[in-house]
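So you can see what is in the structure, the chains are spelled out below.
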Amino acid sequence: MRVLITGAAGFLGSHLTDRFLAEGHEVVGMDNLITGSRENLAHLQHERRFQFVFHDVSRYIQVEGPLDGVLHFASPASPIDYLELPIQTLKVGSLGTHNALGVAKAKGARFFLASTSEVYGDPQVHPQPESYWGHVNPVGPRGVYDEAKRFAEAMTMAYHRYHGVDTRIIRIFNTYGPRMRARDGRVVSNFIVQALKGEPLTVYGEGQQTRSFCYVSDLVDGIYRLFMSTHVEPTNIGNPHEFTVQQLAERVLALTGSKAPIERRPLPTDDPKVRQPDITKARTLLGWEPKVLLDEGLQRTIAYFREHLD
Ligand code: UDP
């Protein structure tokens, strides 16, 4: 197969690129590098089956040659990023998704949308099954991401229903691992970098809010299986093992051996209080299940950040 991956220089896009290449496919990777980094793809410099195209997918996308798949992963994805880049976040989720769907339609390629657990907002159903419609504040600071992704899902289903495009939608829950940026702003990278530098770990609010953290190799395996499946409806992929943010801070301190203190900071607006994927569907339909335990994944991520502190 020959596939287009938007956001290929990002954390998930670059791991996904590696997986498609490892499976013997060809990859065209597209990125405008506003949150992605060429360094994530540096190891592919001499890979003949990989081609990098510098482009903002919110503008018309042109790709030479045939394509069998279009995987739309371009978007700022950290709350800090979409607070700093609200318009770009809205544009890549809406215009970018429209353009990427247009490419898939024109090439007769399968389309794969990277959606998010954020479509559930601050959820009132716990854990979250795909059938839950969510609880999102459209005008809050996170609305730019949540609503763009909800629009992207609607657009994807419209292209499926009205243009007959073969589509898939994944709802990705919190994922971590090597190639996250040190200054990404997300909780796992923040805590690890702070612990390694001996700086205070910034726990927002009381730290009693929960998240369920999936190691990147598990997530990428879920993506690949869903891409290869025939399942059109949205599918949750994430690790259902749920922790409080305070517990995460304590694990990071234990695993790094850091003596850094924990400091409380104000809880950001609309920060979801709980989050845990119901993965019954992924288990049943894809035979998929996460394998990497939090401590093991954190250890691998800590090893990466020891080499990549700026
Ligand atoms: N968080 C925190 N300290 C940090 C960064 C994040 O306590 O330095 C909290 C944040 O308030 C949220 C959780 O960790 O409750 C996960 O935040 P993240 O930005 O990783 O992603 P989210 O799941 O909110 O999209």
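**Student:** Quick question: what am I supposed to make of the site of the ligand here?
**Tutor:** Taken together, 18 residues form the shell around the ligand, and within it T202, Y204, R211, D271 and R275 come nearest. A distance of 2.9 Å separates an oxygen atom of the ligand from a polar side-chain atom of R142. Between Q209 and the ligand, the recorded distance is 3.1 Å, taken from a side-chain N or O atom to an oxygen atom. Alone, the ligand offers 510 Å² of accessible surface; in the complex the protein occludes 96% of this. Only helix 5 (187-197) and strand 8 (201-204) provide two or more residues apiece to the shell around the ligand.

**Student:** Hey, could you run me through the pattern of salt bridges in this one?
**Tutor:** Pairs can form between side chains of opposite charge whenever their charged atoms are close. Applying the stated rule across the entire model yields 22 salt bridges. Where R181 meets D184, a salt bridge forms, and the shortest distance between an N and an O atom there is 3.1 Å.

**Student:** Help me understand the pairing of strand 6 (residues 167-172) in this model?
**Tutor:** As a general feature of sheets, a regular strand has side chains that alternate between the two faces. Counting buried positions along strand 6 gives 6 out of 6 residues, so the element sits mostly inside the fold. Side chains T167, I169 and R171 of strand 6 all project onto a buried face; the interleaved residues R168, I170 and I172 project onto the opposite face, where all are buried too. Pairing of strand 5 (residues 110-116) with strand 6, which is carried by 6 bridges, proceeds in the parallel orientation. Within the sheet, the bridge partner assigned to T116 lies in strand 6 and is I172. Crossover handedness for the path strand 5 to helix 4 (residues 143-163) to strand 6: right-handed.

**Student:** Before we go on, may I ask you to explain the sheet that holds strand 4 (residues 69-72) in this structure?
**Tutor:** Across the sheet, 7 strands lie side by side as 3-2-1-4-5-6-11; this open sheet has parallel pairing. A strand with exactly one partner marks an edge of an open sheet, and here the two such strands are strand 3 (50-54) and strand 11 (235-237). Neighbour to neighbour, the strand axes of the sheet diverge by 20 degrees on average, direction disregarded. Against the sheet, helix 4 touches strand 5 and strand 6, its axis set at about 155 degrees to strand 5. Contacts from helix 6 (residues 216-228) reach strand 4, strand 5, strand 6 and strand 11, with the element oriented near 160 degrees to strand 6.

**Student:** Would you mind showing me how to read the nonpolar core here?
**Tutor:** Soluble globular proteins tend to pack their nonpolar side chains together in the buried interior. Counting 58 residues, the largest nonpolar core has F20, L71, F73 and L298 as the members making the most contacts within it. It is helix 6 that provides the largest number of residues to this core, a total of 7 residues. Of all hydrophobic cores here, the second largest spans 24 residues; its members include V63, V103, A109 and M157.

**Student:** What is the right way to read the packing of aromatic side chains from this model?
**Tutor:** Note on aromatic pairs: each is described by the distance of the centres and the angle between the planes. Applying the stated criterion to the full structure yields 9 aromatic pairs. Measuring from centroid to centroid gives 5.5 Å for F20 and F227, while their planes differ by 85 degrees, and the two rings are edge-to-face. Of this pair, F20 sits in helix 1 (residues 11-22) while F227 sits in helix 6, placing them 207 residues apart in sequence. Here F20 matches F227 in class, with each residue buried. Plain terms: the ring middles of F73 and F112 are 6.0 Å apart, the flat faces sit at 10 degrees to each other, and that makes the pair stacked. Of this pair, F73 sits in the loop between strand 4 and helix 2 (79-84) while F112 sits in strand 5, placing them 39 residues apart in sequence. F73 sits in the buried class, given a relative accessible area of 10%. Take F112: its relative accessible area is 0%, and that puts it in the buried class. Following the ring pairs from residue to residue traces out a cluster consisting of F20, F73, F112, Y224 and F227. Stacked on the ring of F52, the Lys or Arg R38 has its end atom at 4.2 Å from the ring centre.

What counts and how
Residues numbered from 1 in each chain as written. Predicted model: local features only at pLDDT ≥ 70, side-chain atom pairs only at ≥ 80, totals over all residues. Heavy atoms only, no water. Near = heavy atom within 4 Å. Polar contact = N/O pair within 3.5 Å; in protein donor to acceptor, adjacent residues only side chain to side chain. Areas by Shrake-Rupley, 256 points an atom, 1.4 Å probe, with all protein chains shown as cover. Helix = DSSP H or I, 4+ residues; strand = E, 2+ residues; numbered from the N terminus. Salt bridge = Lys/Arg side-chain N within 4 Å of Asp/Glu carboxyl O. Buried < 20%, exposed > 50% of the residue type's maximum accessible area, 1.4 Å probe, protein only. Pairing = 2+ DSSP bridges. Right-handed = clockwise from strand over helix to strand, strands pointing away. Axes fitted to C-alpha atoms, helices over the stretch in contact; angles between N-to-C directions. Contact = heavy atoms within 4.5 Å. Core = buried A, V, L, I, M, F, W, Y, C linked by side-chain atoms within 4.5 Å. Phe/Tyr/Trp six-rings, centres within 6.5 Å; stacked < 30°, edge-to-face > 60°. Lys NZ or Arg CZ within 6 Å of the ring centre and 35° of its normal.

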